[in-house]
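So the chains spell out like this:
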Amino acid sequence: EIVQSGMTAGKRKLLIIDDNALNREMLREILQDRYEILTAENGKVGFEILEQNCKELSVILLDMQMPVCDGPQFLKRIREDMLLSSVPVIVITANDDADAELTCLNLGASDFIRKPYNADIVRGRIGNVIKLKESALTLAAVEHDELTGLYTEQAYATAVVLLVLVVCINALSSFAAKKAVVKEK
């Protein structure tokens, strides 16, 4: 089942992958005023939709436990493709197991949303993940000159300033450590 809400100009597109139709519908109700929604009933169908829409998708909401290609399997699969893995994934789950959460984070998940859903938290987390992705893309675009493929002067200057700061911090830390040793004597 692929359900697509009407496209409105300016809406970002997101993909909800959950085997439970009620969960998909609840998320659709929470998000449809702000986003164009695509849905899939399992990770296999979700992967197919991702392949077809990866350049337009802003975020994926992924259920952790599904009978066909669960959350961790889906994350492992998209991790193998640079383009597909560029779409942030927020795992949705009723599970409060820290090990399962850590596993998904290690596989590339950007965040977690726990069930039952709090509409404000769902919208806030999605908005934050999208802002972070878009900021990273903007920064990457500014850092490189498309014509030459080289770093821009601004990116180079920023890197030099950061390097100087790191050297200063290391020097201050070293000085503080030596001073602490002298005080102990």
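Residues numbered from 1 in each chain as written. Predicted model: local features only at pLDDT ≥ 70, side-chain atom pairs only at ≥ 80, totals over all residues. Heavy atoms only, no water.

Can you walk me through the overall build of the protein in this structure?
Looking only at helices and strands, the protein features six helices and five strands. Taking all contacts inside the protein whose residues are at least 6 apart in sequence as the whole, residues at least 24 apart take part in 62%. Put simply, the protein shows about 11,400 Å² of open surface, and 57% of that area lies on carbon and sulfur atoms. (Helix = DSSP H or I, 4+ residues; strand = E, 2+ residues; numbered from the N terminus. Contact = heavy atoms within 4.5 Å. Areas by Shrake-Rupley, 256 points an atom, 1.4 Å probe, with all protein chains shown as cover.)

Hey, could you run me through helix H2 (residues 43–53) in this one?
Helical geometry: 3.6 residues make up each α-helical turn, so side chains three or four residues apart lie on a common side. When H2 is considered as a whole, its buried residues turn out to be Gly 43, Val 45, Gly 46, Phe 47, Ile 49, Leu 50 and Asn 53. Elements that come into contact with the buried residues of H2 comprise strand S1 (12–17), strand S2 (35–40), strand S3 (57–63) and helix H3 (71–79). For H2, the capping residue at the N-terminal end is Asn 42, with a side-chain oxygen 2.9 Å from the backbone nitrogen of Lys 44. (Buried < 20%, exposed > 50% of the residue type's maximum accessible area, 1.4 Å probe, protein only. Polar contact = N/O pair within 3.5 Å; in protein donor to acceptor, adjacent residues only side chain to side chain.)

Whenever I open this one, the confidence of the model for the protein confuses me. Can you help?
Low pLDDT marks regions whose predicted coordinates should not be analysed in detail. Scored by pLDDT, the protein has a mean of 84; 83% of the residues are at 70 or more. In the model, residues 1–8 has pLDDT below 50 throughout and makes 20 contacts with residues more than four positions away in sequence or in other chains. (pLDDT = per-residue confidence, 0-100.)

Can you walk me through the pattern of salt bridges in this structure?
Working definition: two side chains of opposite charge can pair if their charged atoms are close together. Inspection of the entire model under this criterion finds seven salt bridges. Arg 125 is the partner of Asp 111 in a salt bridge, and the nearest nitrogen-oxygen pair spans 2.9 Å. Of this pair, Asp 111 sits in strand S5 (residues 111–114) while Arg 125 sits in helix H5 (residues 119–143); the two residues are 14 residues apart in sequence, bridging distant segments of the chain. Owing to a relative accessible area of 33%, Arg 125 belongs among the partly exposed residues under this scheme. Among the ionic pairs, Arg 123 bridges to Asp 120, the shortest N-O distance being 3.2 Å. Separated by three residues within a single helix, Arg 123 and Asp 120 lie in helix H5, roughly one turn from each other. A single network of salt bridges, built from pairs that share partners, joins Asp 18, Asp 63 and Lys 115. (Salt bridge = Lys/Arg side-chain N within 4 Å of Asp/Glu carboxyl O.)

Before we go on, may I ask you to explain the packing of H2 against H3 in this structure?
Packed helices, taken two at a time, are described by the angle their axes make and the gap between the axes. Here H2 crosses H3 at 30 degrees, and the two axes come no closer than 10 Å. If you check the angle between H2 and H3, you find them roughly parallel. Crossing handedness for the pair H2 and H3: right-handed. From H2, Gly 43, Gly 46, Phe 47 and Leu 50 reach across to H3, where they touch Phe 74, Arg 77 and Ile 78. A breakdown of the residues in the contact of H2 with H3 according to their chemical character gives four nonpolar, two polar and one charged. (Axes fitted to C-alpha atoms, helices over the stretch in contact; angles between N-to-C directions. Parallel < 35°, antiparallel > 145°, perpendicular 65-115°, else oblique. Left-handed = near helix turned anticlockwise from the far one by under 90°. Nonpolar A, V, L, I, M, F, W, Y, C, P; charged D, E, K, R; others polar.)

Where do I start with a negative patch on the surface in this structure?
A contiguous patch of negative charge, built from Glu 48, Glu 51, Glu 80 and Asp 81, is present on the exposed surface. Following the sequence through the fold, Glu 48 ends up in helix H2. (Patch = residues over 30% accessible without salt bridge, like charges linked within 9 Å, V, L, I, M, F, W, Y side chains within 5 Å. Lys, Arg positive; Asp, Glu negative; His and termini not counted. Charge placed at Lys NZ, Arg CZ, Asp CG, Glu CD.)

Help me out: how do you make sense of the sheet that holds S1 in this one?
As a general point, the strands of a sheet are linked pairwise by backbone hydrogen bonds and lie either parallel or antiparallel. Ordered in space as S2-S1-S3-S4-S5, the five strands form an open sheet in which the pairing is parallel. Edge strands, defined here as strands with exactly one partner in the open sheet, are S2 and S5. With strand direction ignored, the average angle separating the axes of adjacent strands in the sheet is 25 degrees. Direction of pairing for S1 relative to S2: parallel, over a ladder of six bridges. (Pairing = 2+ DSSP bridges.)

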